[in-house]
Amino acid sequence: MTPPTAGPERPISTWSQTPPDTLTARRSGSGTFAPLSIEVRKKVYIESYGCQMNVSDSEVVAGILAKDGYTPVDRAEEADLVLLNTCSIREKAEYTVLQRINEMNNLKALNKDLKVGVLGCMAERMREDLLEKKKVVDLVVGPDAYRTLPELLDKVGTGQKAVNVLLSREETYGEIVPVRLDTNGVTAFVTIMRGCDNMCAFCVVPFTRGRERSRDAYSIVDECRDLVSKGYGEVTLLGQNVDSYKWRPHDVRAAVGSRQQAAGSEPPPVDFADLLGMVAAACPTLRIRYSTSHPKDMTDKVLATMALYPNICKYIHLPVQSGSSAVLKRMNRGYDRAWYLQRIAAIRHFMPDCAISTDIITGFCGETEEDHQQTLSLMDDVGYDMAYMFKYSERPKTLAARKYPDDVPDDVKGRRLTEIIALQKRKSAERMAAFVGQEQEVLLEGVSKRSAEHLYGRNSQNAVVIVPRFVSVPQADGSKRTAADHELPPGTFIRVRITSATSGSLQGEVRGVPDEIAHTA
Ligand code: 5AD
Ligand code: SF4
């Protein structure tokens, strides 16, 4: 599934972008309708918690609400409607959101007309409970019911509470045009599928996001093309398990909005490798990433496609969860340690320079010290570039909650997590150090948070690279013009020689910039 971007316990995106055009209101008069340009837009503030999928979903919600007359604002205090797009993956994530919901009472005290909605996985999992126990909540909408937001908001507008948590087998929001939120204008998420059929024993996602379904491949390509036309340089294709992407053009229900509808003989389904190739070929200037792979389903065809296209980033997020086959079996992951290591070997075979990251859960039900040592030894063998590491948190309804006691004491989970984090820090530092001296292509994303004199971007392997914000650009005549005020704009691809590394980032000097910059400097 999609990894958390900035820690699932923190809000990771808010609305902040130019509002869509003002609505044109109409009123009747002497039998005709005269357009009236009056400001009728309502203001919405939306906060996303959890994984990248939630960030992407918030953008779909933004698209739906834009049509319903809502303008984004970037402070809850200014809004008529506050939406919290929530995460249920661990108990701590839910706790954080419940605290945030309580804070909404203060906002309502200042603005009696304010409406508060809960979206996403907690909406699905807690349903009416939220409306009953948290009086401040007016609206509860699950991940497959966002299209009904306008009607639900109408109901809320009449003073009633509204809820829709119906899950769907078909909803992909395929033709909804997302409104990009909190965007750097360079990188964007595009959801390619929804839900998950895997039933990993620890995971609440299949209960909150429902059955797996794949989005129309042509609508995905169109969205990527649109991003290119708007100046974006990178896209991340999102799904809980992208390797099981499968879309059949002949399936009229799934093909709503597609250009290819039932015609003649049955075409073969588009699988994930096909989709990657379609996007890479259609958008050769766009960098392509994706998340998340599943070790049991990741095919050599996907790896070969990645190797073939230079614009598909050499980076794979391949959650292992545990290095112990016994624990993997209890987790219902569908692979063992040997299979996982064989998939790692396949990645290295197809793309020796590919970075690999992972998710690890420590202290899952019945995990022994020996199991834990196996996780450490697997991490040592693989040498991950990066890892998201978590203590196991029991989730209601899951297979593990029903079948296995949560029997690893919290202090043991904590100690094992500390050991895992310490090892990963060493491994990340080793992997990053290996870049020193290399020349890398970097897509610039923006000004570094730590220094206004520096920009940050990423290389193909997803490592953060810091470079000076202002460059001296070699001229065609061989002279070097020092242009102290010449700034490299975000969205630019540059060549960088890596000069030093920490476990979290690389530092480098600019070696090459696109011609148009060299000629204007
Ligand atoms: N407890 C701890 N971590 C979990 N994850 C999923 N469910 C749980 C849970 N119950 C982790 C997995 C997954 C990542 C997104 O979150 O490692 O890959
Ligand atoms: Fe990911 Fe497994 Fe959860 Fe599906 S069930 S979202 S594959 S962890």
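Computed from a predicted structure; not experimentally measured.

Caption draft 1: Region of interest: the overall build of the chain. Secondary structure summary: the chain contains 15 helices and 26 strands in total. Within the chain, residue pairs in contact and separated by at least 24 positions form 72% of the contacts whose partners lie at least 6 positions apart. When the accessible surface of the chain is split by element, carbon and sulfur atoms take 52% of a total near 22,500 Å².

Caption draft 2: Main features of the sheet that holds strand β21 (residues 454-458). Sheet architecture is closed into a barrel: five strands sit in the order β20-β21-β22-β26-β25, paired in mixed fashion. Across the sheet, the axes of successive neighbouring strands diverge by a mean angle of 55°, strand direction being ignored. Where β21 lies against strand β22 (residues 464-468), five bridges are found, and the strand directions are antiparallel. The residue bridging Tyr-456 from the neighbouring strand is Ile-466, located in β22.

Caption draft 3: Representation of helix α9 (residues 300-308) within the structure. Among the residues making up α9, those that are buried are Val-302, Leu-303, Thr-305 and Met-306. One side of α9 carries all its buried residues, which in axial view fall inside an arc of 160°. Packing partners of the buried residues in α9 comprise α8 (272-282), β16 (287-291), β17 (315-317) and α11 (337-350).

Caption draft 4: Seen up close, the side chain of Asp-359. As for its placement among the helices and strands, Asp-359 is situated in strand β18 (residues 355-362). For the buried residue Asp-359, which engages in no salt bridge, the nearest side chain bearing the opposite charge is Arg-333, 7.1 Å off. A distance of 3.0 Å separates a polar atom in the side chain of Asp-359 from a polar atom in the side chain of His-317.

Caption draft 5: Examining the sheet that holds strand β13 (residues 234-238) more closely. Taken together, the three strands give an open sheet; going across it, the order is β10-β13-β16, and neighbouring strands pair in parallel fashion. For this open sheet the edge positions go to β10 (187-191) and β16, each flanked by a neighbour on one side alone. The mean inter-strand angle of the sheet, taken between neighbouring strand axes irrespective of direction, is 25°. Here β13 pairs with β16 via five bridges, running parallel. Among the inter-strand pairings, Leu-237 is bridged to a residue of β16, identified as Tyr-290. Helix-sheet contacts for α8 involve β13 and β16, and the interaxial angle to β16 is about 155°.

Caption draft 6: Quick look at the packing of aromatic side chains. Within this structure, the stated rule accounts for seven aromatic pairs. With 6.3 Å between their ring centres and 80° between their planes, Phe-202 and Phe-364 make a pair best called edge-to-face. Here Phe-202 is found in the loop between β11 (193-194) and α6 (205-209), whereas its partner Phe-364 is found in the loop between β18 and α12 (369-382), with 162 residues between them in sequence. The exposure class assigned to Phe-202 is buried, which follows from its relative accessible area of 10%. A relative accessible area of 0% places Phe-364 in the buried class.

Caption draft 7: Geometry of the site of ligand 1. Lining the immediate environment of ligand 1, one finds 13 residues, of which Arg-90, Phe-202, Gln-321, Asp-359 and Ser-393 sit closest. One of the side-chain N or O atoms of Arg-90 is found 3.1 Å from a nitrogen atom in ligand 1. Contact distances for ligand 1 include 2.6 Å between an oxygen atom and a side-chain N or O atom of Asp-359. Going through the elements one at a time, β18 and β19 (386-391) are the ones with two or more residues in the shell around ligand 1. When the residues that make up the shell around ligand 1 are grouped by side-chain class, the tally is six nonpolar, three polar and four charged.

Caption draft 8: Quick peek at the environment of Val-97. Examined against the element boundaries, Val-97 turns out to sit in helix α2 (residues 91-110). For Val-97, a relative accessible area of 0% corresponds to the buried category. Expressed as a C-alpha distance, the spacing of Val-97 and Tyr-49, which sit 48 residues apart in the sequence, is 8.0 Å.

Reading the values: the criteria
Residues numbered from 1 in each chain as written. Chains lettered and ligands numbered in written order. Predicted model: local features only at pLDDT ≥ 70, side-chain atom pairs only at ≥ 80, totals over all residues. Heavy atoms only, no water. Helix = DSSP H or I, 4+ residues; strand = E, 2+ residues; numbered from the N terminus. Contact = heavy atoms within 4.5 Å. Areas by Shrake-Rupley, 256 points an atom, 1.4 Å probe, with all protein chains shown as cover. Pairing = 2+ DSSP bridges. Axes fitted to C-alpha atoms, helices over the stretch in contact; angles between N-to-C directions. Buried < 20%, exposed > 50% of the residue type's maximum accessible area, 1.4 Å probe, protein only. Arc of directions from axis to C-beta. Lys, Arg positive; Asp, Glu negative; His and termini not counted. Salt bridge = Lys/Arg side-chain N within 4 Å of Asp/Glu carboxyl O. Polar contact = N/O pair within 3.5 Å; in protein donor to acceptor, adjacent residues only side chain to side chain. Phe/Tyr/Trp six-rings, centres within 6.5 Å; stacked < 30°, edge-to-face > 60°. Near = heavy atom within 4 Å. Nonpolar A, V, L, I, M, F, W, Y, C, P; charged D, E, K, R; others polar.

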